[in-house]
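# Per-entry structural report
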Amino acid sequence: MEAALNLDSTFSALADPTRRAILARLAKGEATVMELAQPFEMTQPAISQHLKVLEDAGLVVRRVDGTKRPRRLAKAGIEAMDQWLAMLRKALEKNYDRLDEVLASMEQPKRKRGEKS
Amino acid sequence: MSKLTLKTEGDTHIVVTRRFAAPPEAIYRAHTDPKLIQKWLLGPEGWTMPVCINEARPGGNFRYEWTNAKGRGFYVTGEYLELEPYSRIVHVERMYLPDPTPDNHVETRFDAAGTGTLMTMRMTLPDAQTRAAMLATNMERGMEASYARLEGML
């Protein structure tokens, strides 16, 4: 499976908070290196280095527009963003399933037997 | 079939809803009583919460510490801003990984729905980048749990 082969490079690419922030910015739309560098107080070469890691991992792609090379999220990058939501959902679902059990055990002493329903 | 909904809203919000069979009072207690919190607020499998301090009053603090079998751990601290028994809790929290994440402002409502409760949790992060980083953090923890389960199978 292609996705499984890319997993390692995807996760090392996502391990850095600046790279995650770059993905978050690109999730809002295409941006140039200069536009990406602005909010991070980083030099353009430093941002370019992070972009290279993201490109090598297949999360970001570039387009040629005259002298500009705007970047956007690749399909895998969009999927990574979706996966973030899915993982949070999973952790929450697990929490609330456990809460259901806690609540059920809280109610037990109060439950009336022989209640008409 | 899932009782949970999770969606992003605008640039900075995450909204979670969940239905419970129990009434709002019970859900509220489970969110504010440390003995109950320790039983369910554990995230992915394999984590426990050995430290759970919770001062459920406006201005009160809370601190939750999690750990797993590998001895890894992290913690959350927060402050209560508003508490309306048994319908609404407003608090701020941040995670230490070990550096603190930006504050997450959370409003949790418990509305009676039939014989049960509809819970609505609205998180507000300072900006879109923080929200993405928060989602990514949860992904990493989720991945770790998956890897741990995989190790158990091999």
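Residues numbered from 1 in each chain as written. Chains lettered and ligands numbered in written order. Predicted model: local features only at pLDDT ≥ 70, side-chain atom pairs only at ≥ 80, totals over all residues.

What follows covers the overall build of chain B. Counting its secondary structure elements, chain B contains three helices and eight strands. Seen in sequence order, chain B has helices and strands lined up from the N terminus as β-β-α-α-β-β-β-β-β-β-α. Here the analysis covers contacts within chain B between residues at least 6 apart in sequence; of these, 35% occur between residues at least 24 apart. (Helix = DSSP H or I, 4+ residues; strand = E, 2+ residues; numbered from the N terminus. Contact = placed C-beta atoms within 7 Å.)

Regarding its fold elements, chain A presents five helices and two strands. The secondary structure elements of chain A, listed N-terminal to C-terminal, are α-α-α-α-β-β-α. Across the 117 residues that make up chain A, the buried fraction comes to 28%. Considering only intrachain contacts with a sequence separation of at least 6, the fraction spanning at least 24 residues in chain A is 51%. (Buried ≥ 20, exposed ≤ 12 C-beta atoms within 10 Å, placed from the backbone.)

Each partner contributes residues to the interface: chain A has 29 residues there, and chain B has 27 residues. Of all the secondary structure elements, the ones that give two or more residues to the side of chain A that touches chain B are α2 (17-27) and α5 (75-107) of chain A. A per-element tally of the side of chain A that touches chain B places α5(A) first, with 20 residues.

On to helix α1 (residues 24-32) of chain B, then. Since the α-helix packs 3.6 residues into each turn, any two residues three or four apart lie on the same face. The element α1(B) is largely enclosed, with a buried count of seven among its nine residues. Taken residue by residue, α1(B) has P24(B), A26(B), I27(B), Y28(B), A30(B), H31(B) and T32(B) as its buried positions.

In terms of nonpolar packing, the biggest core is built from 23 residues, with I22(A), L23(A), L54(A), L59(A) and V60(A) touching the most fellow members. Residue contributions to this core peak at five residues, all from α2(A). If near-sequence neighbours (up to four positions away) are discounted, V60(A) is found in contact with L26(A), L51(A), L54(A), E55(A), R71(A), L73(A), A74(A) and G77(A). Grouped together as the second largest cluster of nonpolar side chains are 18 residues, L99(A), A26(B), A30(B) and L36(B) included. (Core = buried A, V, L, I, M, F, W, Y, C linked by C-beta atoms within 7 Å.)

Glancing now at the environment of G59(B). All names here are of chain B. Residue position: G59 is located in the loop between β3 (47-54) and β4 (61-68). The exposure class of G59 is exposed, given the 10 C-beta atoms found within 10 Å. Separated by 23 residues in sequence, G59 and E82 have C-alpha atoms that sit 7.9 Å apart.

Y86(B) follows P85(B) through a cis peptide bond whose omega is -5°. Examined against the element boundaries, Y86(B) turns out to sit in the loop between β5 (73-84) and β6 (88-96).

Sheet strands line up and pair through hydrogen bonds in the backbone, either parallel or antiparallel. Residues and elements named next belong to chain B. Pairing in this open sheet of eight strands is antiparallel, and the strands run β1-β2-β8-β7-β6-β5-β4-β3 from one edge to the other. On the outer flanks of this sheet lie β1 (4-9) and β3, each paired with one strand and no other. Each strand of the sheet is rotated relative to its neighbour by a mean of 20°, with strand direction disregarded. Bridge count between strand β7 (residues 104-113) and strand β8 (residues 116-124): nine bridges; the pairing is antiparallel. Bridged to F110 within β8 is M119. Contacts from α1 reach β2 (13-20), β3, β6, β7 and β8 within the one sheet, and its direction differs from that of β7 by about 155°. (Pairing = 2+ DSSP bridges. Axes fitted to C-alpha atoms, helices over the stretch in contact; angles between N-to-C directions.)

Residue and element names in this part refer to chain B. Counting buried positions over the six residues of β1 gives zero, only a small fraction of the element. Relative to β2, β1 runs antiparallel, the two sharing six bridges. Note that in β2 the partner of E9 across the bridge is H13. The antiparallel hairpin formed by β1 and β2 contains three residues in its connecting segment, where G10 sits at a positive phi of about 55°.

Right, let's get into the environment of P34(B). All names here are of chain B. Looking at the element boundaries, P34 is found in helix α2 (residues 34-40). Take P34: there are 15 C-beta atoms within 10 Å of it, and that puts it in the partly exposed class. On a C-alpha basis, the gap between P34 and K7 in space is 28 Å, while along the polypeptide they are 27 residues apart. When sequence neighbours within four positions are dropped, the list of residues in contact with P34 reads C52, I53 and N54.

All names here are of chain A. In the predicted model, chain A carries a mean pLDDT of 79, and the fraction of residues at 70 or more is 81%. Within chain A, helix α1 (residues 2-14) has the poorest average pLDDT of any element, 58, and strand β1 (residues 60-62) the best, 94. Taken as a whole, residues 1-5 scores under 50 in pLDDT and shows zero contacts with residues more than four places along the chain or in a different chain. (pLDDT = per-residue confidence, 0-100.)

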